[in-house]
Amino acid sequence: MRFTYCPHCGSKLMKKEIGDEGLVPFCEMCKVPLFDMFSTCVICAVTNECGEVALLKQTNLSATRYVCVSGFMKIGESAEESATREIEEEIGQTVEELRFVRSYPYEQKEMLMLGFHAKVKKNALVLSKEVDDAEWVPFAEALGKIREGSIAWQLVKEVIKDNESR
């Protein structure tokens, strides 16, 4: 979110030099800088002991390609709690091990996605209403089902590479 007006008083913002940050939207009335904001989300490559990754179809994200478990962080949740919650909600899996992989800026949607590798014991996928379909996909086939270059593709590629090096 990029501010044009102050969310506190409604005044039109001006640009003001703020330290090392450069020109920043600033409210003269409230005397506060209003930095651009983004939503923080988690994205999870969920794998099992059989060398498979859980991939989902969600038509609101893509009608043709698979994606990873993902979702918005809730206020008061840690990133790890959000990842665990989203995995349980979307595909009904219990996380046994969770490792942060890296962050992925998603500028078009004004998001910062925190990427995790979650290990679970293979069980049937139990889908939430948000998920249209999901399946366990062998590592060798996974990247071909995800849009190349997407954040999900980058995360799954990194998890597969890390798994091969162990």
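Quantities reported herein were computed from a predicted structural model and do not represent experimental measurements.

### A short note on unusual backbone geometry
One non-glycine residue, K31, lies in the positive phi region at around 60 degrees. A positive phi angle is found at E110, which is not glycine, with a value near 55 degrees. Structurally, E110 is set in the loop between β7 (97-106) and β8 (111-119).

### Structural notes on the sheet that holds strand β2 (residues 23-27)
In space, the three strands of this open sheet follow the order β1-β2-β3, with antiparallel pairing throughout. The outermost strands of the open sheet, each flanked by one partner alone, are β1 (14-17) and β3 (32-33). Direction of pairing for β1 relative to β2: antiparallel, over a ladder of four bridges. In the strand pairing of β2, K15 is matched with P25.

Calculation notes
- Residues numbered from 1 in each chain as written.
- Predicted model: local features only at pLDDT ≥ 70, side-chain atom pairs only at ≥ 80, totals over all residues.
- Heavy atoms only, no water.
- Helix = DSSP H or I, 4+ residues; strand = E, 2+ residues; numbered from the N terminus.
- Pairing = 2+ DSSP bridges.

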